[in-house]
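Here's the letter readout for the chains.
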Amino acid sequence: MKKTRAETDFSHRRISRRAALLGGAQLLFIGGLAARMRFLQVDQADQFRLLAEENRINVRLIPPSRGEVFDRNGIRLAQNSPSYRIVIVREDAGDTDVVLDRLARIIPLDPEDLARTKQELRRSPSFLPVTVAEDVRWKDISRVSVNAPALPGVTPEVGLSRVYPQGSDFAHILGYVGPVSDYDLEKIDDPEPVLRIPRFQIGKVGVETKLEPLLRGKAGAKRVEVNAAGRVMRELDRREGVTGSDIQLTIDAKLQGYVQARLSEESASAVVLDCDTGDVVACSSAPTFDPNLFVRGISTKNYSLLTGNKYRPLASKTVQGLYPPGSTFKMVTAMAALEAGLIGPDDTVYCPGHLEVSGRRFHCWKRTGHGSVDLQTSLKRSCDVYYYDLAIKVGIEKISDMARRFGLGVKHDVPMSAVAQGLAPDMEWKQQTYGQSWRVGDTVNVSIGQGFMLASPLQLAVMSARLATGRSVEPRLIKSIDGIEQPSRGGEDLGMNENNLRKIRRAMTAVVNDRRGTAYGSRIIDESMRMAGKTGTSQVRNITAAERRAGVIRNEDLPWERRDHALFVNFAPLDRPKYAVSVVVEHGGGGSKAAAPIARDITLQALYGGQPPLDAYPSKDRERIQQEQQKLRDMQPQASFVGQDQA
């Protein structure tokens, strides 16, 4: 059928419109392509010129700044100090052995550092920078910069190194950092790339390792231009990392320094807890060491001094050390009996100096005995036979359960290394551990804190705080993270009879303030600061029947490692307990002589917030105390530590 003129015109218009649309699209495409070509050839000419003539753009990690650590009053305990270092990148250096040999002729390098660098270069990815030397002098940095064309892949950098300004005072709490090792990487699932940078520092022990993810932060990155010789031409852009969190501890640096100085001549430990919040305000082990020695790698000589010392300066005795608590445990046995309604405060037991149990004689520390003693007298004079008798009445299950309620045999949540759980033994434990049935004699031993019973100084301080308050006080070491206060650990009510607790507190008060108390010589004279406490002597050797007949050898006549441990626990002031303290002196002999005076001095220092007045001490001791205070003032600026080269 022949189209009409109108239909023909309409068809032509449709074809013209389609052609116009297609043409427009082609013009847009060509225009966009031209614009892109102009952008690449003109606007980005410099960028692509960098890639010419074998120039390359490298992406490098920027290690984050590690979070700092402060005491409860804002005093810095761990900080970052700028230091110059020399790094080398294998893929930019070419023949690394040749480059390192050239570098060694320009600046002094330790042969051990060179050998270590070559080993790390072989093991690490080619694009990662490997540290050749740290803490480099400025003049050596200048020499490297001047000789850069001859040192492809070698770059001087400003880095951050960990510094512990309080030195040895916080070694066992903070721990220290050190270079990442293969062992460290094996313990981490999917380690971050920054951890694979050779010599990157991470926490090794203590707070530094327990809070590592918080303290480390997040790595950044930078793009740099390097030429064919491997020399960095310029930095193109940078994405800064996230700085690690700042941590504030509950520790009082001033009190910590005093306690460390007070313990310095002993193999000992001490813990001070705030009874209201559970804050650990001091936590000291002696002897100590300088953690700064470990940051860049400790020398063999210094490490040998530490590991060869029989006083074990590397051990954090406050949380790792486990000791039979001796007579400091007697309050637990007494509370178990009181809560079970098996004794009254006026009930007496006759002590002839021993008690026969299942054909075996268990001796009191006083050979001639104490005569008739009630609850208060038994604690005041530390009669063993009274507690042997209680043990038979109460049984091990109730005693062990009470021990756990007071924080013994429990692993407390503090961010320190190798925190020990201790042991509050019962029948099931002995059967599982030794495949043996529990015996009455085992209960008798546990009743005075001997036998299988084991506790750490931290646990003993928790026990004292719970006796003082009747609450389930838990130790808190972290006060805030990035300024955010952490929950208090003052604890809930233990659910114990308050009258029973008062009886124990009165007896502990008599231990220190009654003339016949075992710690009377370490009392506090200031009425508003008086303390309650309990001495303990932890036997570490068996005394044979033959030795008893001939006369028990005195501690001072024995080799050091065979002497008894000395313990003391206390809280003060009596009317409203603020601090609970525990002190353990390894192989110190009697608790009244070795541990109680230290605990009294620490308690006064905490209560007064500094040096207490002399009239807080018994008059007969004031001249000696004045001399000791002067000696401690001289020691505190730099507490003694083991493991540093002597000039």
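Computed from a predicted structure; not experimentally measured.

Cut-offs applied
- Residues numbered from 1 in each chain as written.
- Predicted model: local features only at pLDDT ≥ 70, side-chain atom pairs only at ≥ 80, totals over all residues.
- Heavy atoms only, no water.
- Helix = DSSP H or I, 4+ residues; strand = E, 2+ residues; numbered from the N terminus.
- Rg over C-alpha atoms; globule rule 2.2 N^0.38 Å.
- Buried < 20%, exposed > 50% of the residue type's maximum accessible area, 1.4 Å probe, protein only.
- Contact = heavy atoms within 4.5 Å.
- Areas by Shrake-Rupley, 256 points an atom, 1.4 Å probe, with all protein chains shown as cover.
- Lys, Arg positive; Asp, Glu negative; His and termini not counted.
- Charge placed at Lys NZ, Arg CZ, Asp CG, Glu CD.
- Axes fitted to C-alpha atoms, helices over the stretch in contact; angles between N-to-C directions.
- Parallel < 35°, antiparallel > 145°, perpendicular 65-115°, else oblique.
- Left-handed = near helix turned anticlockwise from the far one by under 90°.
- Nonpolar A, V, L, I, M, F, W, Y, C, P; charged D, E, K, R; others polar.
- Core = buried A, V, L, I, M, F, W, Y, C linked by side-chain atoms within 4.5 Å.
- Salt bridge = Lys/Arg side-chain N within 4 Å of Asp/Glu carboxyl O.
- Polar contact = N/O pair within 3.5 Å; in protein donor to acceptor, adjacent residues only side chain to side chain.
- Pairing = 2+ DSSP bridges.
- Phe/Tyr/Trp six-rings, centres within 6.5 Å; stacked < 30°, edge-to-face > 60°.
- Lys NZ or Arg CZ within 6 Å of the ring centre and 35° of its normal.
- Patch = residues over 30% accessible without salt bridge, like charges linked within 9 Å, V, L, I, M, F, W, Y side chains within 5 Å.

Asks: It is not clear to me how the overall build of the protein should be interpreted in this structure. Could you clarify?
Replies: Regarding its fold elements, the protein presents 26 helices and 21 strands. For 647 residues, the compact-globule estimate of 2.2 N^0.38 gives 26 Å, and the protein exceeds it by more than 25% at 35 Å. Counting only C-alpha atoms, the protein reaches 135 × 80 × 55 Å along its principal axes. The buried share of the protein, taken over its 647 residues, is 53%. Restricting to contacts in the protein with at least 6 residues of sequence separation, those with at least 24 account for 72%. Summing over all exposed atoms, the protein offers an accessible surface of approximately 30,400 Å²; the carbon and sulfur share of this is 49%. Across the protein, 90 positive and 78 negative side-chain charges occur, with their mean positions spaced 2 Å apart.

Asks: Looking at this structure, I do not really get the packing of helix H17 (residues 384-394) against helix H20 (residues 440-447). What am I missing?
Replies: Each pair of packed helices gets described by two things: the angle between the helix axes and the distance between those axes. Put simply, H17 and H20 touch, their axes get as near as 8 Å, and they point 130° apart. Relative to H20, H17 is oriented oblique. Relative to H20, the crossing made by H17 is right-handed. Here H17 contributes Tyr387, Tyr388, Ala391 and Ile392 to the contact with H20, which in turn contributes Val440, Thr443, Val444 and Ser447. Residues that form the contact of H17 with H20 fall into these classes: 6 nonpolar, 2 polar and no charged.

Asks: Honestly, the environment of Ile202 in this entry has me stumped. Any pointers?
Replies: Summarising the element assignment, Ile202 is placed in strand S7 (residues 201-205). Spatially, the C-alpha atom of Ile202 lies 40 Å from that of Gln450, the residues being 248 residues apart in sequence. If we skip the residues at most four places from it in the chain, Ile202 touches Arg66, Tyr176, Val177, Gly178, Val180, Asp184, Leu195 and Glu212.

Asks: Looking at this model, I keep getting lost on unusual backbone geometry. Mind explaining?
Replies: It is generally the case that most residues other than glycine have a negative phi and that most peptide bonds are trans. Cis rather than trans, the peptide bond between Ala286 and Pro287 has omega equal to -5°. With respect to the element layout, Pro287 can be found in the loop between strand S12 (280-286) and helix H12 (292-295). For the peptide bond that leads from Ala572 to Pro573, omega is -10°, which places it in the cis range. By secondary structure assignment, the location of Pro573 is in the loop between strand S20 (565-572) and strand S21 (579-585).

Asks: Explain the environment of Arg466 to me, please; I cannot follow it from the model alone.
Replies: Tracing the sequence through the fold places Arg466 in helix H21 (residues 457-469). For the pair Arg466 and Leu494, spaced 28 residues apart in the sequence, the C-alpha separation amounts to 8.1 Å.

Asks: Honestly, the nonpolar core in this entry has me stumped. Any pointers?
Replies: Counting 132 residues, the largest nonpolar core has Leu249, Phe406 and Ile504 as its most contacted members. Examining the composition of this core, we find that 8 residues originate from one element, H21, more than from any other. Setting aside residues no more than four positions away along its own chain, Phe406 makes contact with Val332, Met335, Gln459, Val462, Met463, Arg466, Leu467, Leu494, Met496 and Leu501. Counting 19 residues, the second-largest nonpolar core is a separate cluster that includes Ile106, Leu114, Val130 and Val144.

Asks: Just checking my understanding: could you explain the packing of helix H11 (residues 253-263) against helix H25 (residues 596-608) for this structure?
Replies: Direction vectors running N to C along H11 and H25 enclose 160°, while the axes themselves pass 10 Å from each other. Comparing their axes, H25 and H11 come out roughly antiparallel. In this structure, H11 meets H25 at a crossing whose hand is right-handed. Side by side, H11 and H25 meet where Leu255, Tyr258, Val259, Arg262 and Leu263 of the first sit next to Pro597, Ile598, Asp601, Ile602, Gln605 and Ala606 of the second. Of the residues assigned to the contact of H11 with H25, the class counts are 8 nonpolar, 1 polar and 2 charged.

Asks: Which parts of the structure should I look at to understand the pattern of salt bridges?
Replies: Pairing is possible between side chains that carry opposite charge, provided their charged atoms lie close to one another. Tallying each qualifying case throughout the model produces 36 salt bridges. A salt bridge links Arg312 to Glu586; its shortest N-O distance comes to 2.3 Å. With Arg312 in the loop between helix H13 (300-307) and helix H14 (317-320) and Glu586 in the loop between S21 and helix H24 (591-594), the pair connects residues that are 274 residues apart, well separated along the chain. A residue is classified by how much of its surface remains accessible, and Glu586, at 5% relative accessible area, is buried. In this structure, Asp426 engages Arg404 in a salt bridge whose closest nitrogen and oxygen atoms are separated by 3.7 Å. Of this pair, Asp426 sits in the loop between helix H18 (396-405) and helix H19 (427-434) while Arg404 sits in helix H18, placing them 22 residues apart in sequence. What makes Asp426 buried here is its relative accessible area of 13%. By relative accessible area, Arg404 is classed as partly exposed at 32%. Taken together, the shared-partner salt bridges connect Arg66, Arg162, Glu192, Glu208, Glu212, Arg216 and Lys218 into one network.

Asks: Help me understand the side chain of Gln248, please; the structure alone is not making it clear to me.
Replies: Relative to the elements of secondary structure, Gln248 occurs in strand S10 (residues 247-249). Polar contacts involving the side chain of Gln248 include one to the main-chain carbonyl oxygen of Asp71, which spans 3.3 Å. In terms of polar contacts, Gln248 uses its side chain to reach the side chain of Ser480, at 2.9 Å. Here Gln248 is in contact with Phe70, Asp71, Arg72, Asn73, Gly74, Leu477, Ile478, Lys479 and Ser480, once residues within four sequence places are set aside.

Asks: Just to check I follow, could you spell out the sheet that holds S20 for this structure?
Replies: Strand pairing in a sheet relies on backbone hydrogen bonds, with the paired strands running either antiparallel or parallel. Pairing is antiparallel across the open sheet formed by 5 strands, whose spatial order is S12-S11-S21-S20-S19. Edge positions in the sheet fall to S12 and strand S19 (532-538), since each has one partner strand and no second. Put simply, the sheet's adjacent strands are angled 5° from each other on average, direction ignored. Bridge count between strand S11 (residues 268-274) and S21: 7 bridges; the pairing is antiparallel. Of the residues in S21, the one forming a bridge with Val272 is Val581. Here H25 sits on the sheet and contacts S11, S20 and S21; the angle it forms with S21, its principal contact strand, is near 150°.

Asks: It is not clear to me how the side chain of Ser267 should be interpreted in this structure. Could you clarify?
Replies: The residue Ser267 is located in the loop between H11 and S11 in this model. Residue classification places Ser267 among the buried positions, given a relative accessible area of 2%. A polar contact of 2.9 Å, which involves the side chain of Ser267, links it to the side chain of Lys317.

Asks: So what exactly am I meant to see when it comes to the packing of aromatic side chains here?
Replies: The description of two aromatic rings rests on the distance between their centres and on the angle between their planes. Inspection of the entire model under this criterion finds 12 aromatic pairs. Aromatic side chains Tyr386 and Tyr387 sit 5.1 Å apart centroid to centroid with 70° between the ring planes, which places their arrangement in the edge-to-face category. With relative accessibility at 1%, the residue Tyr386 sits in the buried group. Here the basic side chain of Arg523 rests over the ring of Tyr520, its NZ or CZ set 3.9 Å away from the ring centre. Taking NZ or CZ as reference, Lys578 lies 5.7 Å from the ring centre of Tyr579, over its face.

Asks: Would you mind showing me how to read a nonpolar patch on the surface here?
Replies: Residues Phe29, Ile30, Leu33 and Met37 make up a contiguous nonpolar surface patch of about 420 Å² in total accessible area. With respect to the secondary-structure elements, Leu33 resides in helix H1 (residues 5-43). By relative accessible area, Leu33 is classed as partly exposed at 43%.

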